[in-house]
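# Chain and residue survey
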Amino acid sequence: MASPILPGIDVLVQQRRLIHRRMALVTNEAARSFTGIHSRALLLQNGYKLQRLFSPEHGLLATGADGAPQPDGTDALTGLPVTSLYGEKLAPPAAALQETDLVVFDVPDVGCRFYTYLWTLTHVMEACAAYQKPLLVLDRPNPTGAVLSAAEGPWLDEQHCASFLGRWRMPLRHACTLGELARWFAATRLPQLELEVVPVQGYQRHHTALHDFPFIPTSPAIPTIQTAFAYPATCLLEGLNVNEGRGTEAPFRYCGAPWIDGANWCRALQQQLPPGVQVEPIRYTAAAPPYEGETCGGLLLTVTDHRVFKPVETGLLLIRTLHQCYPQLLQERPYPTAVNPSGTGHLNRLLGQPHAFSLATAGALSTDVSGWEEAMAASLLYQ
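Bear in mind the structure is a predicted one, so any value in this text is a computation, not a measurement. (Residues numbered from 1 in each chain as written. Predicted model: local features only at pLDDT ≥ 70, side-chain atom pairs only at ≥ 80, totals over all residues. Heavy atoms only, no water.)

### Here's the deal with the sheet that holds strand β4 (residues 81–84)
The strand order β3-β4-β2-β1-β5-β6-β9 describes an open sheet built from seven strands, whose pairing is mixed. Edge positions in the sheet fall to β3 (73–74) and β9 (195–198), since each has one partner strand and no second. Relative to β4, β3 runs antiparallel, the two sharing two bridges. Bridge pairing in β4 links Thr74 to Pro81. Sheet strands in contact with helix α6 (residues 178–188) are β5 (102–106), β6 (135–138) and β9, and its direction is about 160° off that of β9. (Pairing = 2+ DSSP bridges. Helix = DSSP H or I, 4+ residues; strand = E, 2+ residues; numbered from the N terminus. Contact = heavy atoms within 4.5 Å. Axes fitted to C-alpha atoms, helices over the stretch in contact; angles between N-to-C directions.)

### Notes on the pairing of strand β10 (residues 254–257)
The side-chain alternation of β10 yields two buried faces, one formed by Tyr254 and Gly256 and the other by Cys255 and Ala257. As judged from the four bridges shared by β10 and strand β12 (residues 295–303), these two strands associate in the antiparallel manner. Opposite Cys255, over in β12, you have Leu299 as the bridge partner. (Buried < 20%, exposed > 50% of the residue type's maximum accessible area, 1.4 Å probe, protein only.)

### Looking at the packing of helix α7 (residues 225–234) against helix α9 (residues 311–325)
Look at α7 against α9: their axes get within 7 Å of each other, and the N-to-C directions meet at 50°. Between α7 and α9, the crossing angle belongs to the class labelled oblique. Crossing geometry of α7 relative to α9 is assigned as right-handed. Residue-level contacts link Phe229, Pro232, Ala233 and Thr234 of α7 to Pro311, Val312, Thr314, Gly315 and Leu318 of α9. Across the contact of α7 with α9, the residue classes tally to six nonpolar, three polar and no charged. (Parallel < 35°, antiparallel > 145°, perpendicular 65-115°, else oblique. Left-handed = near helix turned anticlockwise from the far one by under 90°. Nonpolar A, V, L, I, M, F, W, Y, C, P; charged D, E, K, R; others polar.)

Any functional reading would require information that these geometric values do not contain.
Here it is in structure tokens:
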């Protein structure tokens, strides 16, 4: 029988290290131990001196609406104060760190550059470096896999498209863990940071949450591992006047609009779909903007083999074929959030490239990530 895959929180507690140091913890409801105990509760149960909590987008309970600012508060589970890092501030303020000896980061990820938990990590890293606080990252598996050959661009154009959906140059699908990215960012951007990563025990790069460990919903619209696999493809539709299925039974797998004929779109796609994915025409009622309450034609996307599926290539194909079918109707749409109140340029931010709409509809965006494996080589933790 294979050994269990133990996230960094379990490894730390087993080691009984740092138990006398005052900690602040960046976390949310999805961060749990191998046995399902919330990380913040497990630390307290084992005598750790947890002083304060910080929460990323969606809040400590991971239930906040996408893009909605989250308030500070008090955690009902532990009674600890909670400082939100998604709203008026994105980084821990100095006052909130004064009575701590180190900061601990334990937040699950889904392996996609525009999923914002990664960028909360970078703001925490900068704050720890500025205020001379050690940072301990409790690593977790990448639920969609960490085989570096599966990484996909586009690379982020940092000069023109840096945002909270991508601050620093890297591919869209990074195929790493957050602990590995923290090591890379520390080495290349924050060498003054005192960083330690507690690796996942028993984890290998090919492992995914499909078979190897349980998937806990990381945010309201990613309830299943199937959604997480599809997310880098269909979340690109956030930047267009297409509904991405939020609030339905299959968010990020349903996508459509009242002006789309799903059968027509699927016919355009069928001859070009990369391996590992299938689409079928559907009609559904949109449960969130755009077109909330309206009947949409569109498709249901199903990942049939995650080992060969290329989500970014698939997402770009969705955009290109939609434009071919409906060149007069497909448009960019604003997507207001706490970090981009006007909502403008959202597709540029998602794809990390200026002029993303014209490039994507023309099939002119490259997913090539040459040099990524070499860049990450010294920061990798797993085989």
